[in-house]
Structures are given as structure tokens and as C-alpha cells.
Amino acid sequence: MKIRVLGCSGAEFPGHRPPSILLNSKILFDAGSLTNMLSLKDQLRIRYIFITHTHLDHIMGIPFLADNLIFGKKRHTVKIISIPPVIRAIRRNILDGSIWPDFTVLPDTHEGILDLTELKPGHSIETDGGYTVVPYEVNHSVPATGYLVEDKEKRRFFYAGDTGPSDILWEKMRDRQIHCLIIEVSFPNGMEQIALETGHLTPRLLNKELLKMGPQPEKIFITHVKPQFFKTIRKEVERMHISSLKFLEGGKTITV
Ligand SMILES: [Zn+2]
Ligand SMILES: [Zn+2]
């Protein structure tokens with residue numbers, strides 16, 4: 001599986017874009033960076049957008065994508081998929097016609113540019129290309145989910161989105177070999193209290209999460225670092241001496 005990193009920052013600054021990763025040009029996980037990173041041709045390839053939660057830095061590309069696609073020559077519907085509370089909040093707050101057009105009923109009521117699909121935790125969906133995607137709830141300040149993705153060769157990655165520490169998550173995943181884990185570290189160790197209160201991780205908290213996992217992943221990528229704290233976080237991560245642990249980098253492609 002090839003994953004293109006469109007954005008992997010926990011805040012927006014020049015050169016630092018909010019989270020979005022693109023699997024095989026058609027399947028997007030989070031939409032923090034989208035139309036500002038992809039050409040129109042690449043935007044037209046997207047068929048699915050899996051959303052981890054409703055925080056703005058994970059959804060803000062959706063309205064702009066819809067606005068671009070409606071003028072495409074070969075128009076198609078993009079499925080926005082997430083757990084029920086996330087879909088409800090997107091419908092209620094972004095696609096209610098008050099701050100942007102409701103692209104679920106445009107260009108016409110039967111075939112909108114966007115289709116909102118609820119997917120319950122633990123239930124799977126099959127996408128084009130033979131990928132199976134299953135949401136597993138994580139611990140954040142709003143309802144949030146990570147996604148386990150498996151290809152036809154049974155290679156798996158887990159994209160955790162924003163999450164604080166969780167026991168239930170790793171219990172549910174325990175018997176699964178995850179080949180690649182993409183997980184957040186937003187704050188340095190000195191800000192553990194804020195991390196816990198807001199549902200995020202520090203390097204020390206990540207270390208504890210890894211100990212709860214069954215078989216360790218071949219690759220672990222850190223995402224959602226707040227750029228203001230990057231230097232401190234990098235030092236703290238280096239001190240963990242885990243050779244499979246790397247920082248995700250915007251614009252790069254990773255292989256699972
Ligand atoms: Zn969040
Ligand atoms: Zn976030």
C-alpha cells in the first residue's frame with residue numbers, strides 16, 4: 001500500500017498542514033489538507049474520505065473539494081464515511097446550507113457531489129481496490145475513531161487520528177498484526193496534563209500505548225505534532241530508542 005502524506009501537523013503554519021493521508025489516490029483519511037495540496041486531476045480521483053472526528057483541522061478540505069468537483073466534466077459522488085456521531089455533526093454544522101452549500105443535494109437531490117455514510121465501530125466497508133476498512137473508537141475530546149485498513153494481501157495499517165491513552169482500543173486490536181501504525185504525538189512530555197485533558201499523546205504516553213499493543217508494528221509514524229513543540233518532541237522521541245519509530249513528513253509517500 002502506498003500512502004501519500006498531504007498533511008501531518010497538529011496546527012497550521014506555512015509549511016505545516018493539518019492531517020490528511022491519501023491511499024492509492026482514491027481513498028483519503030481525514031481532510032485537513034486537500035485542495036491546497038492536490039491538483040484538480042488528483043482531486044477528481046478521490047472516491048472515499050474517511051473522517052476520524054469533526055475537529056476543523058480534520059474536515060476543512062471537504063467543502064472546498066465539493067465546490068471544485070461540481071465543475072468537473074465527469075462528475076461523481078464522493079463518499080464521506082465515519083462513525084454516526086461524526087456524520088451527524090458534519091451534516092448539522094457544515095452541510096446545513098448556512099456556511100456553505102449543501103453538496104449532498106447538489107447538483108441534484110438524487111445525486112449529490114457528497115454522500116454521507118455512517119459506519120458503526122467494528123463494522124467493515126469494502127472500497128475500490130479491495131481494501132477493507134474498519135473503524136475502532138479512540139479516546140479524544142469529541143467522538144473519534146481510528147481506521148484499520150487491510151489490503152488483499154492482508155497487509156494492515158492503523159491510522160489512529162487524534163487520540164489520548166486508551167485501554168479498550170488496544171484490547172480490541174490485540175490479536176491483529178498491524179504492519180504500520182500512524183499515531184499522534186501532539187505535545188511534549190512537560191505538557192502531559194494538557195494532553196490528557198484534550199485527548200492527545202506525548203512521547204511518554206505514546207510509549208505506554210505501544211506497550212499495550214500485541215505484536216509490535218514494523219513501522220510506526222508519528223503525526224499531528226504541534227510545530228511549536230517539534231524540537232522538544234523530537235528529542236524526547238529520540239530518547240525512546242525505538243528504531244521503527246519515525247515522524248511522518250508532509251509531501252512524502254510511505255509504503256506499508
Ligand atoms: Zn482533534
Ligand atoms: Zn487534530
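Check the entry above for the structure.
Presented here is a report on the structure given in the accompanying data block. Note that residues are indexed from 1 along each chain, following the sequence as it is written. Following the order in which they are written, the chains are lettered starting with A and the ligands numbered starting with 1. Note on the predicted model: pLDDT of at least 70 is required for a residue's local features to be given, and 80 or more for side-chain atom pairs to be given and counted; whole-chain, interface and lining totals, by contrast, use all residues. Water and hydrogen atoms play no part in the side-chain values, which are based on all heavy atoms of the structure.

Describing helix α4 (residues 84-93)
So, step 1. Between buried and exposed lies partly exposed: a residue is buried under 20% and exposed over 50% of the maximum accessible area for its type, with that area taken using a 1.4 Å probe on protein chains only. By the criteria applied, helices consist of DSSP H or I runs no shorter than four residues and strands consist of E runs no shorter than two, each listed in order from the N terminus. Inspection of α4 places Pro84, Val86, Ile87, Ala89 and Ile90 among the buried residues, and these make up the whole buried set.
So, step 2. Any pair of residues with heavy atoms lying within 4.5 Å of one another is described as a contacting pair. Buried positions along α4 lie against α2 (56-59), β5 (78-82) and β8 (114-118).

A word on the coordination of the zinc ion (ligand 2)
So, step 1. Any nitrogen, oxygen or sulfur atom within 2.8 Å of a metal ion counts as a donor, with the limit raised to 3.2 Å for Na, K and Ca, and since water is left out, coordination shells can look unfinished. Bound to the zinc ion (ligand 2) on the protein side are Asp57 (OD), His58 (NE2), Asp162 (OD) and His224 (NE2), at distances that span 2.1 to 2.3 Å.
So, step 2. Classification of the site at the zinc ion (ligand 2) as irregular follows from its 4 donor atoms and the range of 90 to 173° in their angles at the metal.
So, step 3. In primary sequence terms, the donor set of the zinc ion (ligand 2) follows D-H-x103-D-x61-H.
So, step 4. Taken as a pair, the zinc ion (ligand 2) and the zinc ion (ligand 1) lie 3.5 Å from each other and share Asp162 as a ligand. Highlighted residues: His58 in helix α2 and His224 in the loop between β14 (219-223) and α8 (230-238), separated in sequence by 166 residues. Angular criteria define each label, namely tetrahedral for four donors with all angles between 85 and 135 degrees, square planar for four and octahedral for six donors with opposite donors over 155 degrees apart and remaining angles between 65 and 115, and irregular for whatever fails these tests.

Some thoughts on the state of the cysteines
So, step 1. What counts as a disulfide here is a pair of cysteine sulfur atoms lying within 2.5 Å. The final tally for this structure, using the stated rule, is 0 disulfides.
So, step 2. There is no disulfide at Cys8, and the cysteine sulfur nearest it, in Cys180, is 13 Å away.
So, step 3. Overall, the relative accessible area of 1% leaves Cys180 in the buried class.

Some words on the coordination of the zinc ion (ligand 1)
So, step 1. Those protein atoms acting as donors to the zinc ion (ligand 1) are His53 (NE2), His55 (ND1), His140 (NE2) and Asp162 (OD), and they sit at 2.1 to 2.4 Å.
So, step 2. Around the zinc ion (ligand 1) sit 4 donor atoms, and with donor-metal-donor angles ranging over 91 to 166° the site reads as irregular.
So, step 3. Every donor residue of the zinc ion (ligand 1) comes from the same chain, spaced as H-x1-H-x84-H-x21-D.
So, step 4. With a relative accessible area of 0%, His53 lands in the buried category.

A closer look at the pairing of strand β10 (residues 131-137)
So, step 1. Among the 7 residues that make up β10, 6 are buried, leaving the element largely enclosed by the rest of the structure.
So, step 2. A loop of 3 residues connects strand β9 (residues 125-127) with β10, the two strands running antiparallel in sequence, and Gly129 in this loop sits at a positive phi of about 90°.
So, step 3. Looking at chain direction, β10 and strand β11 (residues 145-150) are connected through 6 bridges and run antiparallel. Counterpart to Glu137 in the pairing with β11 is Thr145. Strands pair, by our definition, only if DSSP identifies at least two bridges between them.

So, the sheet that holds strand β12 (residues 156-159)
So, step 1. Pairing is mixed across the open sheet formed by 7 strands, whose spatial order is β9-β10-β11-β12-β13-β14-β15. Among the strands making up the open sheet, the edge pair consists of β9 and β15 (245-247). Mean inter-strand twist for the sheet, computed between neighbouring axes without regard to direction, equals 25°.
So, step 2. Taken together, the 3 bridges between β14 and β15 define a ladder with parallel strand orientation. Across the sheet, residue Ile220 finds its bridge partner in β15, namely Leu245.
So, step 3. Most of the contacts of α8 go to β15, to which it runs at about 165°, and overall it touches β14 and β15. Only the stretch in contact is used when a helix axis is fitted, and all axes are lines through C-alpha atoms; the angle between N-to-C directions ranges over 0 to 180 degrees.

What to know about the pattern of salt bridges
So, step 1. Think of a salt bridge as a Lys or Arg side-chain nitrogen and an Asp or Glu carboxyl oxygen that are within 4 Å of each other. In this structure the tally under the stated criterion is 11 salt bridges.
So, step 2. Between Arg4 and Asp42 there is a salt bridge, with its nearest N and O atoms 3.3 Å apart. Of this pair, Arg4 sits in strand β1 (residues 2-7) while Asp42 sits in helix α1 (residues 40-45), and the two are 38 residues apart along the sequence.
So, step 3. A relative accessible area of 30% places Arg4 in the partly exposed class.
So, step 4. Salt-bridge contacts for Asp42 lead to Arg45; the nearest nitrogen and oxygen are separated by 2.8 Å.

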